Amino acid sequence: MMKKKRLSASKASLVLFLCQMISALDVPLDSKLLEELSQPPTITQQSPKDYIVDPRENIVIQCEAKGKPPPSFSWTRNGTHFDIDKDAQVTMKPNSGTLVINIMNGGKAEAYEGIYQCTARNERGAAISNNIVIRPSRSPLWTKEKLEPHQVREGDSLVLHCRPPVGLPPPIIFWMDNAFQRLPQSERVSQGLNGDLYFSNVQPEDTREDYICYARFNHTQTIQQKQPISVKVFSMDSLNDTIAANLSDTDIYGAKPVTEKQPILLTPTGSTSTKVELRGSVLLLECIAAGLPTPGIHWIKEGGELPANRTFFENFKKTLKIIDVSEADSGNYKCIARNILGSAYHVISVTVKAAPYWITAPRNLVLSPGEDGTLICRANGNPKPNISWLANGVPIAIAPEDPSRKVDGDTIIFSHVQERSSAVYQCNASNEYGYLLANAFVNVLAEPPRILTPVNKLYQVIADSPALLDCAYFGSPKPEIEWFKGVKGSILRGNEYVFHDNGTLEIPVAQKDSTGTYTCVARNELGKIQNEVQLEVKDPTMIIKQPEYKVIQRYGQVSFECIIKHDSTLLATVTWLKDNDELPDDERFLVGKDNLTIMNVTDKDDGTYTCIVNTTLDSVSASAVLTVVAAPPTPAIIYARPNPPFDLELTGQLERSVELSWIPGDENNSPITSFVIEYEDGLHEPGVWHYQTEVPGTQTTVQLKLSPYVNYSFRVIAVNEIGRSQPSEPSEQYLTKSANPDENPSNVQGIGSEPDNLVITWEPLKGFQSNGPGLQYKVSWRQKDVDDEWTSVIVANVSKYIVSGTPTFVPYEIKVQALNDLGYAPEPSEVIGHSGEDLPMVAPGNVQVHVINSTLAKVHWDPVPLKTVRGHLQGYKVYYWKVQSLSRRSRRHVEKKILTFRGNKTFGMLPGLEPYSSYKLNVRVVNGKGEGPASPDKVFKTPEGVPSSPSFLKITNPTLDSLTLEWGSPTHPNGVLTSYVLKFQPINNTHELGPLVEIRIPANESSLILKNLNYSTRYKFYFNAQTSVGSGSQITEEAVTIMDEAGILRPAVGAGKGYSETLFATSPVMHTVRPTFYKVQPLYPRIRNVTTAAAETYANISWEYEGPDHANFYVEYGVAGSKEDWKKEIVNGSRSFFVLKGLTPGTAYKVRVGAEGLSGFRSSEDVFETGPAMASRQVDIATQGWFIGLMCAVALLILILLIVCFIRRNKGGKYPVKEKEDAHADPEIQPMKEDDGTFGEYRLFSFVSSAPF
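What you see is a predicted model; the values in this text were computed from it and never measured.

1. Focus on the overall build of the chain
Logical step 1: Each helix and strand in the chain was counted, giving 6 helices and 93 strands.
Logical step 2: Taking all 1253 residues of the chain together, 42% fall into the buried category.
Logical step 3: Within the chain, contacts between residues at least 6 apart in sequence are counted, and of these 65% link residues at least 24 apart.
Logical step 4: Carbon together with sulfur atoms contributes 52% to the accessible area of the chain, which is approximately 67,300 Å² in total.

Laid out in structure tokens, this is it:
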């Protein structure tokens, strides 16, 4: 009895002592502070207690800790020191206690099985980890066994045993067939928790030979397979057939039909069983029954209910699963198997035990020297755990003595601690089901005060609300905190302040006069420190005009006002809600600065509208209801422009902005869609109004950006669908302060006007851009790429400055900076300019000319050095002129032609040359100043070409059978004439053409007499000249022989052929010798007079054809001078023209025309060039209006002349002009259409006639 009293007295004194203890220090979670304070080790990361590893991979045992100074690490294995330096397979990570055991390079995991524990130690103590049990995973093979086939009768129960090998951890079991398909499971067939496969009753479809049990070992990612099990189910029908086959007809036979069976439990066996489960784990109870029909399973807890929200049924209710079990889940659980024949049950008695779990885990303790404290370690479990203490990893009973420490069961009491009392204590709570280990350090610190709150931290609160001013501090011993207002104010006391233990000062009701500086002072016996914070008390936000209840007619417009007042230093945002939700995403809802407008109101707009105003410190709101009603009939509405706004007011004047507000005028039945704001600068441009901005029609205030040194006036114009209102009356004037210029002049350029100067120009600032009086410009320049200083000059408000005495055409860096009386604009950007240009110094060299054909040549030259250009290279000019014609030795007036080739081009084409002529050319380089000297003249000659047409053809002295022809030589022979060619053919009364006759005449002849012609017959003549190159253009004439009035003469023999093979005499005009006679030669097929008309990317090719009809033509072409194969294009039909497309501009091409078939032949080659270079960009006159008009007038005039000719010919008894033209058309010269720049359609008139001409 006395012993019990002494124990009670001891406990009472302990309680009294604990109540009198000073609370331990709280160390703020300040990263900088934590880095500076000494601290015993703390385990931050470790491997699990039961650590199963993959035997094929390296073993990593984690142990991480923190402390100051950083801790060192050591390990024990199976209770003894583990010297990792002696094991080459084991390493420790740098700055860490984590072990890496190298298994992949020869180590064996089994050799490292055991219990490991880590110790982290520094000068203030040692912390230890849990006992970490390392075990390699095991996945053993299935033992070989001979499996007998299972033969069962239909309706019987069956259990297929799996019995997997014992692995670590245990494997996952599942059943599959040979095709790796999971076996279907149901209420009748299911897998038990032990892995066996249970059949409540078998059916014939259960017969199969591939029931295979698989065990999956997750750690090693392997799957083991049991030998297949064979099951054969005998049905009653098959048994009856077997019996019938073995008995005589007189025997009575027949197997009993499948009998139904009442339930019996396959597992667990018997009527009762027990199960122990640990607190916090998952309880799994299983009942599988046999029977026919298949029994259903039902679960109950005797004397209680199954726990809600933690109870689940699995495996077709055969498994009861309760998660997170506790001691309250102990009891008897009954499973009942039932079918139509009866039921069976089993009672499982569940006992829930508990491994230790924390009630109060020990916490780190930070004390000042001389203070008291306690470590408490309280745990529970079933059975109740034992509590033991360790100090720095050593049982406290054998640890070094500490007079400040006293152990009392689950509590360690510290009194009057000193710095040497710092240590790490471990509490171990254990029972038969496990243990808990917790580290808690006692850190004795002697530290002067520190204030962790930032200096001059700003606090903002709303008036009449609490203000909390922080003074986070730390010190050991714990500092005392005092507050002062102002730097030298008196200490704060009284009921108007609340002082919190963490140092925070609370002002329960802050007023405007509470604004100011507050000083926090922290002091202990080791020192003193103070810190200042600032408090600002703001005006509360208020809604001075709240939205009001509205009744609006359908399709009308309604506005809710929400005019607010708030502290000018806070930013307020206004949000509108409808029925406490966001506004509909509908353009009819227009949110202004202080209102909400709903256009074209509908019934669904009914509701409550709330205006919420938020600042960073407070929030207010107000609501109003909108009711929508039907609209009554309305009279006719008159729409007009809005009335002008009025009552303009300027508020919030700042240096660069001002707020303008106004009251809208009457909208006159058409809603105002926008307001236009204009301004007048009374200082620089009085009387001139400029556009400033435009805002939506629901807005009546706007924040305007301003420029310095402008005397502003504003006016507002309202706009609706009808138009614009008259401007409002101007607002009051507002003169903004002067300031430095914000920008510099634009479009700065440097271009010399003379070889020795640099003209710097810029676009000056406008008046309001000057930002102040005394606008000037600082012009700076320096030569580029030369180590030279800037030269600067300040000029008045002009736009140009000339720098003299500069080198010729050198680059300069230039900048122009604006300044006024208040200072300079920002540093300007630099631009590159050039001093003045001079004429180029040298001429192009190595000028070469390549004559391509009689009208085209290509000229080449070497470029001049860029330094001799003395300016911007613009290109080269080629001057060329005709010296004389080689066929006529007479000279004529020299007309020079010029072609300009832009850029640094070194060649060009010279088109339009005259054949058989002598030319000269030279080349000059061109810059911005002009042309340089000419290269030496280069002489070249063009080859012969085809001549022009004879200058005239006259037919005189017609007789019964002869005509006299006279002609003039071609105006442009383009070479040495070799002969003339005359062709003629008769035309009968039906305008049909007769056979064509050709005569070749020497070039020195100028007349010819044709005899033995048919009398009274019309003939058509074709006449042209020839050079060695080919035939030129021809001229045509018609003439008629005289009629035989006496009827005496008969047609000559062969007249029916049009012309007899008779000799002709030439005119004696040109010759004094005996006349020359010609015999008509037969005409052979040929293609001649190939001509081209080229553009940039295409060319029109035309030709003349003589010969049989129905020839198939083709065109071949290629690049002139190239050895590439000719490209071939087929001509459709019998046309005598073709368009080549897809050509390259500025390229010389060769072309020829051929005919396919029995008479295949080709023309001579012709050369042309696409897109010749022009002196400057040419304008296509075909697209000019004046040219189109002129062509229309010419066409109209020609049409009138044709009509007149037609009428006159009809009156004279002649055949119509058109028919004559169609009938007399030259079969070799086909018409061309020029209105679209392409060749016209080719038409060939051919006929066969037996009538004589």
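2. Details of the pairing of strand 86 (residues 1086-1094)
Logical step 1: Note that strand 86 and strand 87 (residues 1099-1106) share 7 bridges and pair antiparallel. Pairing of A1093 across the sheet is with N1100, part of strand 87.

3. With respect to the pattern of salt bridges
Logical step 1: Applying the stated rule across the entire model yields 39 salt bridges.
Logical step 2: The salt bridge involving D605 is made with R588; its shortest N-O contact spans 2.9 Å. Separated by 17 residues along the polypeptide, D605 in the loop between strand 54 (595-598) and strand 55 (607-614) and R588 in the loop between strand 52 (581-582) and strand 53 (589-591) bring together distant segments of the chain.
Logical step 3: Across the salt bridge formed by E1116 and R1152, the nearest N and O atoms sit 2.7 Å from each other. Of this pair, E1116 sits in strand 88 (residues 1112-1119) while R1152 sits in strand 91 (residues 1148-1156), placing them 36 residues apart in sequence. Of the two residues examined, E1116 and R1152, each falls in the buried class.

4. A few points about the environment of S1163
Logical step 1: Mapping S1163 onto the fold places it in the loop between strand 92 (1161-1162) and strand 93 (1166-1169).
Logical step 2: Assessed through its relative accessible area of 9%, S1163 is described here as buried.
Logical step 3: The sequence separation of S1163 and R1088 amounts to 75 residues, and the corresponding C-alpha distance is 5.9 Å.
Logical step 4: In this structure, S1163 is in contact with I1087, V1090, R1152 and V1153, ignoring residues within four places of it in sequence.

5. Thoughts on the pairing of strand 83 (residues 1007-1010)
Logical step 1: The alternating pattern of strand 83 places S1007 and I1009 and L1008 and L1010 on opposite faces, both of which are buried.
Logical step 2: For strand 80 (residues 963-970) and strand 83, the ladder comprises 4 bridges, and the chain directions are antiparallel. From the neighbouring strand, E966 faces strand 83, where its bridge partner is S1007.

6. Quick word on the packing of aromatic side chains
Logical step 1: Applying the stated criterion to the full structure yields 22 aromatic pairs.
Logical step 2: Among the aromatic residues, those joined into a cluster by ring pairs are F174, F180 and Y214.
Logical step 3: Over the ring of F82 we find R77, and its NZ or CZ is 6.0 Å from the ring centre.
Logical step 4: Here R924 stacks its cationic end above the ring of Y879, 4.0 Å away from the centre of that ring.

7. Some words on the sheet that holds strand 77 (residues 917-926)
Logical step 1: Taking strand neighbours across the sheet as the criterion, the 4 strands line up as 75-74-77-78 in an open arrangement whose pairing is antiparallel. Here the strands that pair on one side only, and so sit at the sheet edges, are strand 75 (897-902) and strand 78 (938-941). Averaged over all adjacent pairs, the angle separating strand axes in this sheet is 25°, with direction ignored.

8. Quick word on the nonpolar core
Logical step 1: Core analysis: the biggest nonpolar cluster contains 29 residues, and I59, I61, W75, I101 and Y116 have the highest contact counts within it.
Logical step 2: Elements supplying a minimum of two residues to this core: strand 3 (59-61), strand 4 (63-68), strand 5 (72-77), strand 8 (99-101), strand 9 (114-122) and strand 11 (132-136).
Logical step 3: The dominant element in this core, judged by the number of residues it contributes, is strand 9, at 3 residues.
Logical step 4: Those residues in contact with I61, other than ones at most four positions away along the chain, are S47, Y51, W75, G97, T98, L99, I101, Y116, I132 and I134.
Logical step 5: L953, W967, I1001 and F1021 belong to the second largest nonpolar core, which has 20 residues in total.

9. Some points on the sheet that holds strand 8
Logical step 1: Reading across from one edge, 3-8-7 is the order of the 3 strands in this open sheet, with antiparallel pairing throughout. Each edge of the sheet is formed by a strand with only one pairing partner; in this case those strands are strand 3 and strand 7 (90-92). Direction aside, the axes of adjacent strands within the sheet are offset by 20° on average.
Logical step 2: As defined by bridge partners, strand 7 adjoins strand 8 across 3 bridges and the pair is classed as antiparallel. Bridge pairing in strand 8 places M92 opposite L99.

10. Section: the environment of I84
Logical step 1: Mapped onto the elements of the fold, I84 is located in the loop between strand 6 (80-81) and strand 7.
Logical step 2: It is 9.8 Å that separates the C-alpha atoms of I84 and I101, two residues lying 17 residues apart in sequence.
Logical step 3: Dropping the residues within four chain positions of it, I84 is found in contact with V90, M92 and L99.

11. Here we look at the side chain of Q817
Logical step 1: Tracing the chain through its elements places Q817 in strand 69 (residues 811-820).
Logical step 2: In this structure Q817 comes out as buried when scored by relative accessible area, which is 9%.
Logical step 3: Among the polar contacts listed, one links the side chain of Q817 to the backbone oxygen of A825, at a separation of 2.7 Å.
Logical step 4: Once residues lying within four places of it in the same chain are set aside, the contact partners of Q817 are N744, Q776, Y777, K778, Y824, A825, P826, E827 and P828.

12. Remarks on the environment of K545
Logical step 1: You can see K545 is positioned in strand 47 (residues 542-545).
Logical step 2: As a C-alpha pair, K545 and E561 span 16 residues in sequence and 6.7 Å in three-dimensional space.
Logical step 3: Here E561 takes part through its side chain, which lies 2.6 Å from a polar atom of the side chain of K545.

13. Points about the side chain of T610
Logical step 1: Checked against the element boundaries, T610 lands in strand 55.
Logical step 2: You can call T610 buried: its relative accessible area is 6%.
Logical step 3: Reaching out from T610, the side chain makes a polar contact with the side chain of S623 at a distance of 2.7 Å.
Logical step 4: Setting aside residues no more than four positions away along its own chain, T610 makes contact with T575, W576, L577, N580, S621, A622 and S623.

14. What about the state of the cysteines?
Logical step 1: For the coordinates displayed, the defined rule picks out 6 disulfides.
Logical step 2: A disulfide bridge connects C377 with C427, and the sulfur atoms are separated by 1.6 Å. For the disulfide bridge between C377 and C427, the dihedral angle about the S-S bond is near -65°, and by the sign convention the bridge is left-handed. On the criterion of sequence distance, the pair formed by C377 in the loop between strand 30 (373-376) and strand 31 (378-382) and C427 in strand 36 (residues 423-431) is long-range, its members being 50 residues apart.
Logical step 3: A residue is classified by how much of its surface remains accessible, and C427, at 0% relative accessible area, is buried.
Logical step 4: Here C562 engages in a disulfide with C611; their sulfurs sit 1.9 Å apart. A torsion of -65° about the S-S bond marks the disulfide between C562 and C611 as left-handed. Residue C562 is found in the loop between strand 49 (558-561) and strand 50 (563-565), and its partner C611 is found in strand 55; the two are separated by 49 residues along the sequence. You'll find C562 and C611 in the same group, each marked buried.

15. Some remarks on unusual backbone geometry
Logical step 1: Following L168, the chain continues into P169 via a peptide bond in cis, with omega recorded as -10°.
Logical step 2: Looking at the secondary structure, you find P169 in the loop between strand 13 (158-160) and strand 14 (172-176).
Logical step 3: Residues S476 and P477 are joined by a peptide bond in cis, for which omega reads 5°.
Logical step 4: Here P477 is to be found in the loop between strand 41 (473-476) and strand 42 (480-485).
Logical step 5: The residue N600 is not glycine, and still its phi comes out positive at about 50°.

16. Looking at the confidence of the model for the chain
Logical step 1: Averaged over all residues, the pLDDT of the chain equals 84, while 86% of them reach at least 70.
Logical step 2: Contacts from residues 1173-1179, a stretch scored under 50 in pLDDT, to residues over four places away or in other chains number 10 contacts.
Logical step 3: When the criterion is pLDDT under 50, residues 1212-1253 qualifies, and its contacts beyond four places in sequence or with other chains add up to 83 contacts.

Cut-offs applied
- Residues numbered from 1 in each chain as written.
- Predicted model: local features only at pLDDT ≥ 70, side-chain atom pairs only at ≥ 80, totals over all residues.
- Heavy atoms only, no water.
- Helix = DSSP H or I, 4+ residues; strand = E, 2+ residues; numbered from the N terminus.
- Buried < 20%, exposed > 50% of the residue type's maximum accessible area, 1.4 Å probe, protein only.
- Contact = heavy atoms within 4.5 Å.
- Areas by Shrake-Rupley, 256 points an atom, 1.4 Å probe, with all protein chains shown as cover.
- Pairing = 2+ DSSP bridges.
- Salt bridge = Lys/Arg side-chain N within 4 Å of Asp/Glu carboxyl O.
- Phe/Tyr/Trp six-rings, centres within 6.5 Å; stacked < 30°, edge-to-face > 60°.
- Lys NZ or Arg CZ within 6 Å of the ring centre and 35° of its normal.
- Axes fitted to C-alpha atoms, helices over the stretch in contact; angles between N-to-C directions.
- Core = buried A, V, L, I, M, F, W, Y, C linked by side-chain atoms within 4.5 Å.
- Polar contact = N/O pair within 3.5 Å; in protein donor to acceptor, adjacent residues only side chain to side chain.
- Disulfide = S-S within 2.5 Å.
- pLDDT = per-residue confidence, 0-100.

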